[in-house]
Structures are given as C-alpha cells and as structure tokens.
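Residue-level listing of the chains:
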Amino acid sequence: MQLTVLGCYGPYPPQGGCCSGYLLQEENFNLLIDCGNGVLSRLQEHLDYRNLNAVILSHLHADHVSDIMIMRYGLEIAYKSGLRSKPLPLYAPGTPEAEFERLPYKNAYAVNTQVPGTDLQAGPFTIQTRTGIHAVPSLAMRIESPSGTLVYSSDTEYYCDLEEFASGADLFLCEANFLEVDIEKSLPNHLSSAQAAQIAAAAGVKRLLLTHHHPEGDLEVSLAEAQKYFTAAEQAREGEKYIISAK
Ligand SMILES: [Zn+2]
Ligand SMILES: [Zn+2]
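Residues numbered from 1 in each chain as written. Chains lettered and ligands numbered in written order. Predicted model: local features only at pLDDT ≥ 70, side-chain atom pairs only at ≥ 80, totals over all residues. Heavy atoms only, no water.

Some words on the coordination of the zinc ion (ligand 2)
Taken together, the protein ligands of the zinc ion (ligand 2) are His59 (NE2), His61 (ND1), His134 (NE2) and Asp155 (OD), with distances of 2.2 to 2.4 Å. Linear spacing of the donor residues for the zinc ion (ligand 2) on their chain is H-x1-H-x72-H-x20-D. Separating the zinc ion (ligand 2) and the zinc ion (ligand 1) is a distance of 3.4 Å, and Asp155 donates to both of them. Look at His61 and you get partly exposed, because its relative accessible area is 24%. (Donors = N, O, S within 2.8 Å, 3.2 Å for Na, K, Ca; no water. Buried < 20%, exposed > 50% of the residue type's maximum accessible area, 1.4 Å probe, protein only.)

Here it is as structure tokens:
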C-alpha cells in the first residue's frame, strides 16, 4: 500500500501549497482521499486522473472538496472522448445536505452516501469510518488491506474513541492544525500536534504522520510539541510517498 501526499494544508494553502488530498494505491487500484484545492493539479504529477478508481471525502468543507467541482469537467470530457467509460465512484458523508447536493454533475461521479459504522469495500481496501468532532460531520477512516493499515483522522477535535479506532495502525495520518497554545485557548474543531501524538502513543501505532498543517504555523514547533509524546512523529510533506506495510 502506497500513500502519496498531494496536499496537506488547511483551511487554506500557503504559496505553492495545496489543501487536503492523498492518493492511496495498491494492486493498480487508485483511491483518492479528499480533493481540496490544488489536488487535481498535484495528482497529475503522479497519475492520470482518468485512471482513478474511487474517491472518498472525509467531510464537506471546501478545503477537502473544492477540486471535485473542477475534476468533473475533465471527467465529462473524458467520457465524451472515450477515455473513460464509467462514472467515478464518489463516497461522502450525506450532510450538510446543501453541500452534498452539489456533488453530482452529469455523469462525472457515481455519488454514494458513506454512513459511519458501515464498511465500504473499494478494490483491495476495506474502509471503516467513525464520526469525529468537527463543525460538520467528519469521518475518520480505517483503511485495511492484506498488506497494511492506514488510519486517517480527518478534521476533528480530540475524542477518546479515536485511540481505539487507530489501534495498531501501520501508519496514522492525523491532523495537527493547532499548537498547544491554541488548545489552551479552547479553540474548537482541530487537534494539536501534541494531542495527535498522545493519541498515536495510546493507540500503539507504528508511524505517525502529522497533517492538515496551518499555512501560518511553524512546522518545527509543531513537530517538537509532538515528539514529546511520540518521538518518531513526522510532518507530512507534499509530494512524498510513504509505503504502508504490516511487516
Ligand atoms: Zn480541513
Ligand atoms: Zn474541516
């Protein structure tokens, strides 16, 4: 299982950066997790977007969704020119309804509601979801294949179930939009890097990748705060590939 970080900033990118998007590949199956602004362009550095097999959106905030509204034009052209024959399966939480209703477009996507607690099979990946604590319904994902396990927090505040959900993951991709000073001010909706690291330690994950970087944040400070609790914590980097293996 190979993860490519396409974009890892939120809620907006810095110059040259990109919002949330992760390409997960195994056995020639190409799954796109989140599709924020800039992701379609970045994706094409690694894969012809017409060869995507499925997309899953963690939640319907624009920094995770906005390039869905752009990729549809390319897909529509691909169908007309015979370069793609089937709508792209797209899984997303069904609310907020007004946002969900914006996802279908002609034949671009086969849109499905992803209900938390139900397993989804996408190619070699079995995907479980769990609702986090965020301004809108936001789905953490546990994605397993015979070769390994990826857990992605999505955007969320701290909740204790996340430790159990991430238990034993080979790679834990966890949002860390905040620093400890933000948590002390009781800012809502996101985790600090220290909280992500504490969850990673409690869950016994093998590898922790911090993501959803704040565009004005200091990644060195964020990493140092995380490493107090999980010494092997790393910051996600755009363009990097990570092999996920149970071995
Ligand atoms: Zn976000
Ligand atoms: Zn969000």
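We are not done yet, so read on.
Topic: unusual backbone geometry
A cis amide bond, omega 5°, links Gly10 with the succeeding residue Pro11. Looking at the secondary structure, you find Pro11 in the loop between β1 (2-7) and β2 (21-26). In this structure, the amide linkage connecting Thr95 to the following residue, Pro96, adopts the cis form with an omega of -5°. Note on placement: Pro96 falls in the loop between β5 (88-92) and α4 (97-100). You will see that Glu27, though not glycine, has its phi angle at about 50°, which is positive. Relative to the assigned elements, Glu27 resides in the loop between β2 and β3 (29-33). Residue classification places Glu27 among the exposed residues on the basis of a relative accessible area of 61%. The phi angle at Asp34 is positive, at roughly 70°, despite the residue not being glycine. Mapped onto the elements of the fold, Asp34 is located in the loop between β3 and α1 (39-43). (Helix = DSSP H or I, 4+ residues; strand = E, 2+ residues; numbered from the N terminus.)

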